[in-house]
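# Structural overview
Next come the chains, spelled out residue by residue.
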Amino acid sequence: MGNQPKGGSSTASLHTSMLQDVFGSDSVTKSVLYSYKRTINGFVVELTEDEARKIAGVSGVVSVFPNEKKILHTTRSWDFMGFSEQVQRQTSESDVIIGVLDTGIWPESESFNDHGLGPPPDKWKGSCPAATNFTCNNKIIGAQFYRSNGLFNSDDFISPRDSDGHGTHTASTAAGRLVNRASLFGLGTGTARGGVPSARIAVYKICWSDGCYDADILAAFDDAIADGVDIISLSVGSTIPNDYFRDSISIGAFHAMRNRILTVNSAGNQGPGRATITNFSPWTLSVAASTIDRKFLTRVKLGNGVIYEGVSINTFDLKNKMYPIIHGRNAPNRSSTPASSRFCLGNSLNRNLVKGKIVVCDRLVSGSEPLAAGAIGALFQDNRPRDVARSFPLPASHLDMVDGSRIFVYINSTRNASATIFKSDEGNDTMAPYVASFSSRGPNPITPDILKPDLTAPGVDILAAWSLVSTVSEVSGDDRLVPFNIISGTSMSCPHVSAAAAYIKSFHPTWSPSAIKSALMTTASPMSSGMNSDAEFAYGSGHLNPLKAINPGLIYDSDEVDYVNFLCRQGYGTRLLEQVTRDDTTCPEARNGTVPDLNYPSFSVFTSSSTTVSHVFNRTVTNVGSPMAVYRSNVSFPTGALKIRVNPDVLSFTSVGEKLSFEVTVEGTTVESMVSGSLVWDDGEHRVRSPIVVFVSIST
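Calculation criteria
Residues numbered from 1 in each chain as written. Predicted model: local features only at pLDDT ≥ 70, side-chain atom pairs only at ≥ 80, totals over all residues. Heavy atoms only, no water. Pairing = 2+ DSSP bridges. Helix = DSSP H or I, 4+ residues; strand = E, 2+ residues; numbered from the N terminus. Buried < 20%, exposed > 50% of the residue type's maximum accessible area, 1.4 Å probe, protein only. Contact = heavy atoms within 4.5 Å. Disulfide = S-S within 2.5 Å. Axes fitted to C-alpha atoms, helices over the stretch in contact; angles between N-to-C directions. Core = buried A, V, L, I, M, F, W, Y, C linked by side-chain atoms within 4.5 Å. Parallel < 35°, antiparallel > 145°, perpendicular 65-115°, else oblique. Nonpolar A, V, L, I, M, F, W, Y, C, P; charged D, E, K, R; others polar.

## Section: the sheet that holds strand β26 (residues 554-555)
- One open sheet holds the four strands; their spatial order is β26-β28-β32-β30, and the pairing between them is antiparallel. The open sheet is flanked by β26 and β30 (643-647), the only strands paired with a single partner.
- Inspection of the sheet shows β26 paired to strand β28 (residues 612-623) by two bridges, in the antiparallel sense. Looking across to β28, one finds that Ile555 is bridged to Thr622.

In structure tokens form, the structure reads like this:
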């Protein structure tokens, strides 16, 4: 129902009255499960589809949508980006509060000690519950949990405590304290640290053993905004794209933006297909996942002495002992067939044939079936990308089809085939960074003319803090409990950017969310389309460079009015937007084009099926660098029929805070499905870089 009503009316009573007005005597059976009453106006109630349609037509209702489940989308990474422990920091870093919406947190982790931290900043309005198994400190200054249906599984802590590990991992990646000699059984050894070790953490537990639900996500946004957080970090998302005001994350982030809070969220793990990104609203910062220069390799030695190298995070040590090796297709149980046992699917392997052996599987699976069947180890072979190392509940390695086929030939060449699996080694990935295969790609499925994702950050094989009740592989039967774990996902890249945003906030506390976002995007390190075939649809503006972002030179700033105008051009009417904002809002009558000149730090042109392009972007930049500065434009674009013009091509500033405007015109024809380049504004000290993308097809 948009923003909170003005005048201090009780939203809970208004919500109950609305139900009574709509359903009359039938409303006695419809209780409000949850009322949002701090910054967002809305409520949760059980309705049939017909009842939902009826209440959707009531004045004041912006949208009605089902309480859908969302899903959860490691410290070499900071050094890899050139962001060392010795970077310049502000004492005000300890005044910055990051709100982490996730699975909770393990408060006893050394990553969250509060040594040397004073009390929370005065602006903090949140609290910590009097839970018997949870205590806050001057690092974790607030913690809440949300469960609108009141139902909990046996694996859940009914408190902000993390039973999964995901929330602990993301929170420590963003703002964990320095912990020396951190590792996963010797792998990834180093100093674990977050990007802003002195920043405060506010925990909002929205995810449980069965997922993360919209009702709880909105409740957490409602509290986080009112509590006074500076940055919201959210590594959660849908599996399918939703309209801006039928998506709890987009709605919550819009209200956060109105309160000058930047929401950073994960792009999703549905890649590498096109238009798979599910967090893409223009008022959020959407983060893809890319590699760092560390990879984990696991060697396999056969009885004939031949050694093959796969990828996994294998902490088990078989002490070089050789074990019999068998292919899964040769070990089906009575209720299975070779067609399923070859893939090591659930309840497919014969324990009598597999026990004490290494089993070869023709698909990358969790390892739960080989473990349950008594296997001593497992080898997985398929044609999936091997850019990510995974943990398994038993010794294992992921091999490509060529090596897998050779192992299969060896097994069939002798009656006494044997093998062993070594503990993983760390290797150097000289090609890094490149975007991970799992990272969701653009273009933006709702508004193609807004380029998404915005940028990429480390999200592969990241070591960070972990819950002491969640095992390494999170597979039943794994009994390894550890304080630090190595995992991958856009969930891991998101808190890197949240930390960088908080770092900027400590230097520039008055900057708007869009200013911080602009600084991160325009200073991102360029990436190569040769290493990333989807180019900007994979990495957006480029790779996170937090050190440069505190001094971007120019920023593309936007405020609520700009986003409202954007929504007008998206087809949202004046009446609905007035309900969203609770302000006088008038959409302009002229709605030429699909996107207005939203002052976005990137340029994207979607031409549908046409090969003729004619588009003019209007942009305004604000000088945040040297008072007297002259910026010259430099366009880099493939030679062809498309022409890019910038007018004016020189911007001369005489003061900090001065705003100057320019136009970028894209004209001509193209036969390519996608072509891209960049515009750079350069004053000799700063290079303010923005990608330019022209594309015809969304899906290919």
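## Some details on the environment of Ala289
- Looking at the element boundaries, Ala289 is found in strand β14 (residues 284-290).
- With a relative accessible area of 0%, Ala289 lands in the buried category.
- Residues Ala289 and Ser335, spaced 46 residues apart in sequence, show a C-alpha to C-alpha distance of 41 Å.
- For Ala289, the contacting residues outside a window of four places in its chain are Val435, Ala436, Phe438, Ser439, Thr456, Ala457, Gly459, Gly489, Thr490 and Ser493.

## Quick word on the state of the cysteines
- Scanning the entire structure with this criterion turns up four disulfides.
- What pairs with Cys128 in a disulfide is Cys136, and their sulfur atoms sit 2.0 Å apart. Disulfide Cys128-Cys136: torsion about the S-S bond near 85°, hence right-handed.
- A disulfide bridge connects Cys207 with Cys212, and the sulfur atoms are separated by 2.1 Å. On the sign convention where negative means left-handed, the S-S torsion of about 110° between Cys207 and Cys212 marks this disulfide as right-handed. Take Cys207 and Cys212: they sit in the same class, and that class is buried.

## Section: the sheet that holds strand β8 (residues 200-205)
- Spatial ordering of the open sheet is given by β5-β8-β4-β11-β13-β14-β23, a layout of seven strands whose pairing is parallel. The open sheet terminates on both sides in strands that have one partner only, identified here as β5 (140-145) and β23 (455-458). Neighbour-to-neighbour, the strand axes of the sheet open up by a mean angle of 25°, direction not taken into account.
- Across six bridges, the pairing between strand β4 (residues 97-102) and β8 is parallel. The residue of β8 that forms the bridge with Ile97 is Arg200.
- Along the sheet face, helix α4 (residues 166-175) touches β4 and β8 and points at about 160° away from the line of β4.
- Sitting on the sheet, helix α11 (residues 490-507) is in contact with β4, β11 (231-234), β13 (262-266), β14 and β23, with an inclination near 125° to β14.

## Quick notes on the nonpolar core
- Grouped together as the largest cluster of nonpolar side chains are 52 residues, with contacts concentrated most on Tyr204, Ile206, Val229, Phe245, Phe254, Trp283 and Leu567.
- Counting residues per element, this core draws most heavily on helix α5 (residues 214-227), which supplies eight residues.
- Residue contacts for Trp283: discarding those within four places in its chain leaves Tyr244, Ser250, Ala253, Phe254, Met257, Leu262, Lys517, Tyr563, Phe566 and Leu567.
- Of all hydrophobic cores here, the second largest spans 49 residues; its members include Ile98, Phe112, Ile504 and Ala519.

## A closer look at the packing of helix α1 (residues 11-23) against helix α2 (residues 49-56)
- The interhelical angle for the contact between α1 and α2, taken along N-to-C directions, is 105°, at an axis separation of 11 Å. Taken together, the axes of α1 and α2 are roughly perpendicular relative to one another. Here Met18, Leu19, Val22 and Phe23 of α1 come into contact with α2, specifically with Glu51, Lys54 and Ile55.
- Taken together, the residues of the contact of α1 with α2 sort by class into five nonpolar, no polar and two charged.

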